[in-house]
Amino acid sequence: MWDLASGKLLRSITDAHPPGTAILHIKFTDDPTLAICNDSGGSVFELSFKRVMGVRTCESRCLFSGSKGEVCCIEPLHAKVELRDHPITQYSLLAMASLTKILVIGLKPSLKVWMTFPYGRMDPSSVPLLAWHFVAVQNSVNPMLAFCRGDVVHFLLVKRDDTGAIHVTKQKQLHLHYDLINFTWINSRTAVLLDSVEKLHVIDRQTQEELETIEISEVQLVYNSSHFKSLATGGNVSEALALVGEKACYQSISSCGGQIFYLGTKSVHVMTLRSWRERVDHLLKQERLTDALALAWSFYEGKAKAVVGLSGDTSKRKAVIADRMVEILLHYADRTLKKCPDQGKIQVMEQHFQDVVPVIVDYCLLLQRTDLLFNQIYDKMCENSVAKGIFLECLEPYILSDKLMGITAQVMKDLLLHFQDKNRLENMEACIVHMDITSLDIQQVVLLCWENRLYDAMIYVYNSGMNDFISPMEKLFKVIAPPLNAGKSLTDEQVVMGNKLLVYISCCLAGRAYPLGDIPEDLVPLVKNQVFEFLIRLHSTEGSVDEEVYPYVRTLLHFDTREFLNVLALTFEDFKNDKQAVEYQQRIVDILLKVMVENSDFTPSQVGCLFTFLARQLAKPNNTLFVNRTLFDQVLEFLCSPDDDSRHSERQQVLLELLQAGGIVQFEENRLIQMAEKAEFYQICEFMYERELRYDKIIGCYLRDPVRKEEVFNYIHNILSMPGYSAEEKQSVWQKALDHIEELLLLSPSKAADLVAIHFGEQIERIITNLQDQFLLFQFLRSLLDPREGINQDLIHLPPCITEQFIELLCHYSPDQVLETLKVLEYCRLEEAIQITQKHQLHEASSYLLEKKGDIHGAFLVMLERLQSKLLMLTQDDESSAELPPLENIEDTLMKTIALCQRNSHNLNQQQREALWFPLLEAMMSPQKLSGSSQYRYSESLKSLTMQVLNNMAAFIALPSILQRILQDPVYGKGKLGEIQGLVLGMLDTFNYEQTLLETTTNLLNHDLHWSLCNLRASVTRGLTPKQDYCCICLQQYKRRQETADEIIVFSCGHLYHSLCLLSKECGLVTKGLMRWTCYKCNSSSKGGKLSENFSELKKGSGTSLAQVGSESPLDPQQIQAFDQLCRLNRGTSRLALLTELSRNHGGEKHGLLSVSHGDPATSSVFQNENFQLHLAPPPLTED
């Protein structure tokens, strides 16, 4: 023990720890008379220093014995001078880390263990680490212990409560992807970690963010392996401690005052955190100005990590940082101008400044230093025209978001000129309306806006700069009034101006500023009065002598009547009912009436808009307006009795809107209906009839209205189906619809039929009787009876005569659709339908009905006759006839006839089949006989069709019969067979194909049968494996020699019995002189459920039995030993026994499928037997 001040040796301690062990750690506590040491045996000792009578002594006390777990790291809690009065320091806490756990003990006032914490699973070569530090958590400062072994750091917060007890609470863990060999606190928020590959990691404790990584392999760190392996004392340490010592470097790293010292083999290195200013300067040296500004701003906001060198309150810290950022910004501006490329394209220069200038503007505005931005920095940017342009464009987003208001007049002027030069007038206008008006040259801006048609900006300048709300309106009126008064159409630009004027008037009357914001409250009443007074001026200020009265109202009405009246309506909503407001409302209404009613240059739609507006105002409960009722009568006359028929739908719609808005009270209803009917305003009539609940009259309105005729069906259906209408109302509508049913059918037969099926089901016959138009009746019946039309046939109950009437009409008007309709038609009498189709000579339909009736031969004769007639026409001598049927038509008829024969041949006998097929074959062959020449133009086609008949009939008629029939033909029976050579060869080809197909199929079936029989024989002749070497009944060895007649029976299930035992259980049965055996165990009724009996034959010579019986033939000892070994290998518990055990164990829980009552499950269960083993083997073969 040395005195470092004087270099004097104070004492030598020889008995501090057991001899033969190396000292791993020795550390002082905050008490200079108390130290702790740790040796390579894993023990920890307390060293107490005393001086008695000038003699220095040392007492050693064992705190922890290495026999209970080897401690390899100790760390006493040290408190700074300012924390020496902390209440927890009186306990003199000590943390110890062994190879399996950590302990926190208190040395004072008496030795006490406050906490133990096991590591859990970890790498045995990883180093245990401990580190204390005082941290501020929840407004109090308490010590925090960080401990780690491997790649997870645990943080423990240590507190002392009011009773004096120590409490340790876990904090958030830090999970790493590398193993640690050192953990050092550098301050309360930052820790420095050293991993096993000698990389330093700077970590922020709260966010667990890795701030920096440094490689320190060049330090050549000194490791303490020799101490941990105790090489100086013979290496008598445990293998676990020696393994940890491979990476131990406890004594080579130390921290003090924010510095960390690393001991290398040739030097000592010091690591420290840079101050905030040094960190910024470091980035500046690397010319990373943007990163330097971002780092400085993070210091300014208090979001940076590992901050050193900033003290004082928040405002002082921000002021210091802001001054430094201003220096950087000025440096940044100078450097940007100097580094500007002198040569190259203008785009290169623009890109250079676009990368830099926005950053400077951003940080100046973040620091709220607009004085710096618009003076020093702007002056610097003006030195380069490109930089100046980029700078001005950077201001736009801040102006539009109202983050930049105090722009100097010079900058504002330059900005407007820049936008003007670039022809970005929309951007300029958007900026102007967001600027402080005091920074603008009003004269310049107004002139600029008017020249470039920036009306929003002009209005903003007039309103905000001069509190003038009238001049903008006068300017806009001067532009749009002349073309409107002259009756010309407006240009797109003039339309935009007119819309702006309407919106501007609406904003002024509502107290809102244009285009955004609000008018000051003290100016709102004044502005409203000024605008109203302006609108109702009798003449304009510079009007000509012949100018009409109220020019402003007239102009707005001509421009957009509806929107102008909407503006007035919104204004009337906002007005309070004071005397002046009432006067304004009445006055504006009178002017509107005077302007529009006394002039004929307004359309019906415009007049209607005015009176709709008036009707809405008059319908309000607190209405104070007065309008002469005769004016409404004049409007009615104007709309219903025009000079011409133009704008009919427009006038009707206007009058309807007027009535719906409440104007109905202004009219006499009967007169209104008369005029509406006269003017053919059927929607008006519907509106009036609906008010009077005369719904039947509305049907006539729909039928007479050419635009809405189709809607009458939905209307009738809704009235008759929906609730809310009385029975009398529904009956009147029903009767009216019935009276007009013919008109409805003419309008849409399908919709009318749908309506009739739902609501007029009992009147269908009456409707059919009254219909005189036969084609209309046909359309109605088709829509009603054809299921493809979508009407539910269950709703219709008609006599068969109606269906037959429909078929008659169908045959007359649409014969091509008869067959398809008959296939889907329901409730049809076949005899009558056949008569109808035969009457109209519809052969295919007749054939279908005869087939459906069951008269197959009759149906065939109809089709055959049709085919023969077509063939006859084809073979007529008059080749010039233009009425020859095309060959495709004959082929189609033939295919339908063949299909008829095929459908029905399955249900006929051989004679009946021949009666179908041979006449068909004869019909196809007869034209070929008549032709007499092989060059006949249709001969090849007819032969092809004949082959199709032969191929199809071969499936039902034997080939010899067909061939014999052909050869017996008187024509083919004489002379050579050249004419039928093709037919015969075709039949032979068919025969060869079918013969090959049959042989192939037979071979496949024989191969499958042979394979199945081979597998069956192999399974039957396979040897059986017994599950045990004893009889399942007497439980004795099968080798007993008590009875000479006794035989051994083995079943396919694996059970083995003596034959006498099976006979005693009546499991043998003699059939046809042979003994058939049954397995007793598998077929016993006590096994829970009746199993099917399995009989086995004795295996005698043939080897086909599944039960093998062996007589007591002598076996030599080697054979007996081999058989015993085989039995032992195959011994195991059967699956039935396992199921039985499961049923026993779960018997108390629920009723199982197996119920076994004998035996005690507690003693006999295989699951209670410790020596029980599961023997897995393939299942035995069972009989198919």
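Here the residue numbers are simple positions, counted from 1 along each chain's written sequence. This being a predicted model, a pLDDT of at least 70 is required before a residue's local features are given, and a value of 80 or more before pairs of side-chain atoms are given or counted; all residues contribute to the totals for chains, interfaces and linings. Values reported for side chains reflect all heavy atoms of the structure, with hydrogen atoms and water molecules removed beforehand.

For side chains bearing opposite charge, pairing can occur when the charged atoms are close. Salt bridges are defined by distance alone: a side-chain nitrogen of Lys or Arg within 4 Å of a carboxyl oxygen of Asp or Glu. What the rule picks out here adds up to 30 salt bridges. Between Glu804 and Arg829 there is a salt bridge, with its nearest N and O atoms 2.6 Å apart. Placement of Glu804 in helix H30 (residues 800-813) and of Arg829 in the loop between helix H31 (818-824) and helix H32 (830-839) is noted, with a sequence separation of 25 residues between them. Relative accessibility under 20% of the residue-type maximum defines a buried residue, over 50% an exposed one, and the middle range a partly exposed one, all with a 1.4 Å probe and only protein chains included. Classification of Glu804 by relative accessible area gives buried; the value is 10%. Numbering of helices and strands starts at the N terminus; helices are DSSP runs of H or I of at least 4 residues and strands are runs of E of at least 2.

Summarising burial for strand E16 (residues 180-185): 6 of the 6 residues are buried, a large majority. Two strands are said to pair when DSSP picks up at least two bridges between them. By the bridge criterion, 5 bridges tie E16 to strand E17 (residues 190-195) in an arrangement that is antiparallel. The residue of E17 that forms the bridge with Asn182 is Leu194.

It is worth spelling out helix H13 (residues 471-485) at this point. With 15 residues, H13 should reach 21 Å at 1.5 Å per residue; the first-to-last C-alpha distance of 21 Å fits that figure. Considering bend angle alone, the principal kink of H13 is centred on Lys478 and spans about 30°; proline Pro482 follows within four residues of it. Taken residue by residue, H13 has Ser471, Pro472, Met473, Glu474, Leu476, Phe477, Ile480, Ala481, Pro483 and Leu484 as its buried positions. Positive phi appears at Gly487, one or two residues downstream of H13, with a value of about 80°. To estimate the expected span of a helix, count its residues, drop one, and scale the result by 1.5 Å. Given a residue, its bend is the angle between the two axes fitted to the seven residues that end at it and to the seven that start from it.

The next point concerns the nonpolar core. Definition of nonpolar core: a set of buried residues of the types Ala, Val, Leu, Ile, Met, Phe, Trp, Tyr and Cys, connected through side-chain atoms within 4.5 Å. Residues Phe391, Leu395, Ile432 and Leu920 are the most contacted members of the largest nonpolar core, which totals 242 residues. Tallying contributions element by element places helix H16 (residues 551-574) first for this core, with 11 residues. Grouped together as the second largest cluster of nonpolar side chains are 67 residues, Val135, Phe147, Val153 and Ile203 included.

It is worth spelling out helix H5 (residues 314-338) at this point. The end-to-end C-alpha separation of H5 is 36 Å, in line with the 36 Å expected for 25 residues at 1.5 Å each. For H5, the set of buried residues is Ile321, Ala322, Arg324, Met325, Val326, Ile328, Leu329, Leu330, Tyr332, Ala333, Thr336 and Leu337. We call two residues in contact whenever any of their non-hydrogen atoms come within 4.5 Å of each other. On its buried face, H5 is in contact with helix H3 (276-285), helix H4 (289-301), helix H6 (346-366), helix H7 (370-381) and helix H8 (385-400).

Between H32 and helix H33 (residues 843-853), whose axes approach to 9 Å, the crossing angle comes to 160°. Judged on the interaxial angle alone, H33 and H32 are roughly antiparallel. Here H32 runs over H33; the crossing is left-handed. Along the contact surface, H32 presents Leu830, Glu831, Ala833, Ile834, Thr837 and Gln838, while H33 presents Ala845, Ser846, Leu849, Leu850, Lys852 and Lys853. Amino acid classes used here: Ala, Val, Leu, Ile, Met, Phe, Trp, Tyr, Cys and Pro are nonpolar; Asp, Glu, Lys and Arg are charged; the rest, including Gly, are polar. Across the contact of H32 with H33, the residue classes break down as 6 nonpolar, 3 polar and 3 charged. Simply put, an axis is a line fit to the C-alpha atoms, just over the touching stretch for a helix, and the angle between two N-to-C directions goes from 0 to 180 degrees. Angles below 35 degrees are treated as roughly parallel, those above 145 as roughly antiparallel, those between 65 and 115 as roughly perpendicular, and all remaining angles as oblique. Left-handed describes a crossing in which the near helix is turned anticlockwise from the far one by less than a right angle; the clockwise case is right-handed.

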